[in-house]
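# Observations on chain architecture
Residue-level listing of the chains:
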Amino acid sequence: GAVVSQHPSWVICKSGTSVKIECRSLDFQATTMFWYRQFPKQSLMLMATSNEGSKATYEQGVEKDKFLINHASLTLSTLTVTSAHPEDSSFYICSATGTSGRYNEQFFGPGTRLTVL
Amino acid sequence: AQTVTQSQPEMSVQEAETVTLSCTYDTSENNYYLFWYKQPPSRQMILVIRQEAYKQQNATENRFSVNFQKAAKSFSLKISDSQLGDTAMYFCAFMKPTGTASKLTFGTGTRLQVTL
């Protein structure tokens, strides 16, 4: 199957700083990427959908100024958590669809654990 | 909006036995996809099985099979010959196809523990 990577796998930052998480499709072109947030022992909640070269579409209740998403190429999307606070601590997962797999099949990255102190 | 319900927060099964995980969903759509994903302790999401709503035949993937009841809006997952490596969170998910940006709606998950 197609491979999606995320970097970093875990990050610790101080409150008030910004953190960037990268999501890359390694062996296919990702026309669409999705960003999810997962709290401990809970399900995945979709934060936003991004298409290459377009502005991201955010789900209701997600602060677009806090969670900046850029999908600048067909293999890379980034999520920047701006002015992070402890409540932003969570597990962030990206997925991608594109030129691999069956129709609309999403390939998931391994996730990034963010801890804000 | 679509909703996905998994009513079993936790389940346990002995190795080599069979277990069934339940999932119900609510939608007014006629064309959609249903999925079961596995999230082991590594937290990597892994696609277990996929079902197209227009297909009457239940999907199977080796030891994994589904019982898709479209009228009842039910989509259960049966794991046969359970293995220790099946220990994981299992999420049922719904997708309404809307082009390349089709979104997944996940259920709350069922934590499956396979014991010796």
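Preceding this paragraph is the structure being described.
Residues numbered from 1 in each chain as written. Chains lettered and ligands numbered in written order. Predicted model: local features only at pLDDT ≥ 70, side-chain atom pairs only at ≥ 80, totals over all residues. Heavy atoms only, no water.

## A few points about the interface of chain B and chain A
Defined as follows: Residue contacts are defined here by distance: any two heavy atoms, one from each residue, within 4.5 Å place the two residues in contact. Values labelled buried area give the accessible surface lost by two parts on being combined, using a 1.4 Å probe and summing over both. Distance and chemistry together define a polar contact, namely a pair of N or O atoms within 3.5 Å, with one atom able to donate a hydrogen and the other to accept it when in protein, and with adjacent residues in sequence counting only for side-chain atoms on both sides. Only DSSP runs of H or I reaching four residues or more are called helices, and only runs of E reaching two or more are called strands; each is numbered from the N terminus. Polar here means any residue outside two lists: the nonpolar Ala, Val, Leu, Ile, Met, Phe, Trp, Tyr, Cys and Pro, and the charged Asp, Glu, Lys and Arg; Gly therefore counts as polar.
The partner chain A presents 26 residues to the 23 residues of chain B that form the contact. Taken together, both faces of the contact between chain B and chain A bury some 2,000 Å²; the carbon and sulfur share is 50%. Our count for the contact surface shared by chain B and chain A stands at seven residue pairs in polar contact (both at pLDDT 80 or more). Counting residues per element, the side of chain B that touches chain A draws most heavily on strand 5 (residues 33-39) of chain B, at three residues. The residue makeup of the side of chain B that touches chain A, split by class, is 10 nonpolar, nine polar and four charged.

## Brief notes about the pattern of salt bridges
Residue and element names in this part refer to chain B. Note the cut-off: Counted as salt bridges are all cases of a side-chain nitrogen of Lys or Arg within 4 Å of a carboxyl oxygen of Asp or Glu. Categorising residues by exposure relies on relative accessible area from a 1.4 Å probe, with only protein chains included: less than 20% of the type maximum marks a residue as buried, more than 50% marks it as exposed, and the intermediate range marks it as partly exposed.
Under the criterion given, the structure shown has nine salt bridges over all chains. In this structure, Asp-86 engages Arg-63 in a salt bridge whose closest nitrogen and oxygen atoms are separated by 2.8 Å. Placement of Asp-86 in the loop between strand 9 (74-79) and strand 10 (88-95) and of Arg-63 in the loop between strand 7 (60-61) and strand 8 (64-69) is noted, with a sequence separation of 23 residues between them. Take Asp-86 and Arg-63: they sit in the same class, and that class is buried. Here the residues in one salt-bridge network are Arg-50, Glu-52 and Lys-55, joined through shared partners.

## Some details on unusual backbone geometry
Note: most residues except glycine have negative phi, and most peptide bonds are trans. A cis geometry characterises the amide bond from His7(A) onward to Pro8(A), with omega recorded as 0 degrees. The residue Pro8(A) is located in the loop between strand 1 (4-7) and strand 2 (10-13) in this model. If you check the backbone angles, Ser83(A) has positive phi at about 45 degrees while not being a glycine. Secondary-structure assignment places Ser83(A) in the loop between strand 8 (76-81) and strand 9 (90-98). Given the relative accessible area of 35%, Ser83(A) is considered partly exposed. The phi dihedral of Arg43(B) falls on the positive side, at around 75 degrees, and the residue is not glycine. Mapping Arg43(B) onto the fold places it in the loop between strand 5 and strand 6 (46-52). Owing to a relative accessible area of 15%, Arg43(B) belongs among the buried residues under this scheme.

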